[in-house]
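Working through the structure, step by step
Residues per chain are reported as follows:
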Amino acid sequence: MEPDLHELLRSLRVWDTELPGFEPESAPADPLTLFARWLAEAAAAGQTEPHTMSLATADEDGLPDVRTVMLHGADDRGWAFATHVTSRKGRQLAARPHAALGFYWPAQGRQVRLRGPVTVASAEESRADLHARSTGALAAALVGRQSDVLPSLADLDRASDAAWQEAERSPDTPAPTWTLYRLHPTEAEFFQGDPRRRHVRLTYHRTPEGWTTDLLWP
């Protein structure tokens with residue numbers, strides 16, 4: 001028997017555990033420092049895969065698209081992620097080089113949202129990023145053809161087996177379409193949930209003089 005979706009949704013609850021506080025007046029002057037702090041706290045609280053994030057892009061017609069990807073790094077140059085330049089998101093970023101990122105850490109009732117222009121890292125950086133990852137990551141990159149139509153799972157099995165063998169035999173094998181991207185935020189929002197719905201939202205805006213901050217109504 002299939003579940004009653006509406007009944008299931010009504011039965012679900014959020015934030016039944018104690019959540020951390022957030023005093024925005026003591027927040028650092030830049031979002032990167034606060035992000036690193038919150039990421040570390042999420043990991044310490046047992047949040048599963050705190051480095052995963054939603055990546056939103058738009059296609060040539062301006063229609064939105066979103067998927068979950070992994071954060072590869074964050075510094076003054078931006079928040080880094082990677083994909084094949086020939087993939088759907090790669091093509092979308094080529095047509096419209098702007099994106100938004102979303103992190104959600106339910107263990108602490110926290111969200112972080114970022115948006116801004118996206119730049120492409122050099123080929124050398126992209127290769128270094130790929131080869132710093134696991135054998136499985138290299139094998140997946142060598143399979144390639146991301147977002148293309150797959151004729152059958154048997155085709156995937158054959159391509160994946162061959163890619164694994166190549167990755168294990170030659171861990172420096174290049175994957176030419178694998179590309180590192182960086183989102184350079186012009187806006188960053190930090191959301192601290194509250195069981196009484198008195199959520200705290202702190203937003204950073206980039207200006208020529210540096211970052212400014214505002215509080216937002218929940």
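Residues numbered from 1 in each chain as written. Predicted model: local features only at pLDDT ≥ 70, side-chain atom pairs only at ≥ 80, totals over all residues. Heavy atoms only, no water.

**Topic: the overall build of the chain**
Along the backbone of the chain there are six helices and ten strands. Expressed along its principal axes, the backbone C-alpha trace of the chain runs to roughly 60 × 55 × 40 Å. Sorting the 218 residues of the chain into buried and exposed places 35% on the buried side. A separation threshold of at least 6 residues defines the contact pool for the chain, and within that pool the share at least 24 residues apart is 64%. (Helix = DSSP H or I, 4+ residues; strand = E, 2+ residues; numbered from the N terminus. Buried < 20%, exposed > 50% of the residue type's maximum accessible area, 1.4 Å probe, protein only. Contact = heavy atoms within 4.5 Å.)

**Comments concerning the environment of leucine 150**
Topologically, leucine 150 is positioned in the loop between helix H5 (135-143) and helix H6 (153-169). Residue classification places leucine 150 among the partly exposed positions, given a relative accessible area of 44%. It is 20 Å that separates the C-alpha atoms of leucine 150 and leucine 138, two residues lying twelve residues apart in sequence. The residues contacting leucine 150, other than those within four sequence positions of it, are Asp155 and Leu156.

**Digging into the pattern of salt bridges**
Following the criterion strictly, the structure yields 13 salt bridges and no others. The partner of arginine 201 in a salt bridge is glutamate 189, with the nearest N and O atoms 2.7 Å apart. Separated by twelve residues along the polypeptide, arginine 201 in strand S9 (residues 200-207) and glutamate 189 in strand S8 (residues 187-192) bring together distant segments of the chain. Put simply, Asp75, Arg77, Glu125 and Arg182 are held in one network by salt bridges that share partners. (Salt bridge = Lys/Arg side-chain N within 4 Å of Asp/Glu carboxyl O.)

**Some words on the packing of aromatic side chains**
Summed over all chains, the structure comprises nine aromatic pairs. Geometrically, the ring pair formed by phenylalanine 22 and tryptophan 38 is edge-to-face, given 5.1 Å between the ring centres and 75° between the ring planes. Residue phenylalanine 22 is found in the loop between helix H1 (5-11) and helix H2 (31-44), and its partner tryptophan 38 is found in helix H2; the two are separated by 16 residues along the sequence. Ring geometry for phenylalanine 35 versus tryptophan 105: centroids 6.0 Å apart, planes at 45°, classification tilted. In this pair, phenylalanine 35 is assigned in helix H2 and tryptophan 105 in strand S5 (residues 98-105), connecting sequence segments 70 residues apart. Taken individually, phenylalanine 35 and tryptophan 105 each receive the classification buried, so the pair is uniform in this respect. Of the aromatic side chains, those joined through ring pairs into one cluster are Phe22, Trp38, Phe190, Tyr204 and Trp211. (Phe/Tyr/Trp six-rings, centres within 6.5 Å; stacked < 30°, edge-to-face > 60°.)

**Concerning unusual backbone geometry**
Positioned with a positive phi, glutamate 49 is a non-glycine residue whose angle comes to about 45°. Topologically, glutamate 49 is positioned in the loop between H2 and strand S1 (52-58). Positive phi values are uncommon outside glycine, yet arginine 197 reaches one of about 70°. Along the chain, arginine 197 turns up in the loop between S8 and S9. Accessibility expressed as a relative area gives 47% for arginine 197, which makes it partly exposed.

**Considerations on the side chain of glutamine 192**
In this fold, glutamine 192 is placed in strand S8. Since its relative accessible area comes to 3%, glutamine 192 is described here as buried. Of the polar contacts made by the side chain of glutamine 192, one reaches the backbone oxygen of proline 20; its length is 3.4 Å. A polar side-chain atom of glutamine 192 sits 2.6 Å from a polar atom in the side chain of arginine 110. Setting aside anything within four residues of it in sequence, one finds glutamine 192 in contact with Leu19, Pro20, Gly21, Phe22, Trp38, Gln108, Gly109, Arg110, His199 and Val200. (Polar contact = N/O pair within 3.5 Å; in protein donor to acceptor, adjacent residues only side chain to side chain.)

**Brief notes about helix H3 (residues 88-95)**
Within H3, burial applies to Lys89, Gly90, Gln92 and Leu93. Across the axial projection of H3, the buried residues extend over an arc of 165°, all falling on one side. (Arc of directions from axis to C-beta.)

**Considerations on H6**
For an α-helix, the turn length of 3.6 residues means that residues three or four places apart are oriented alike. Counted at 1.5 Å a residue, the expected span for H6 with its 17 residues is 24 Å, and the 24 Å between its end C-alpha atoms agrees. The set of residues buried in H6 consists of Ala159, Ala163 and Ala167. The buried residues of H6 occupy one face: seen down the axis, they fall within an arc of 70°. Seen from the buried face of H6, the exposed residues on the opposite side, beyond 90 degrees, are Arg158, Glu168 and Arg169. Tucked into the core, H6 has its buried residues touching H5. (Expected span 1.5 Å × (residues − 1).)

Just distances and angles here, no functional claims.
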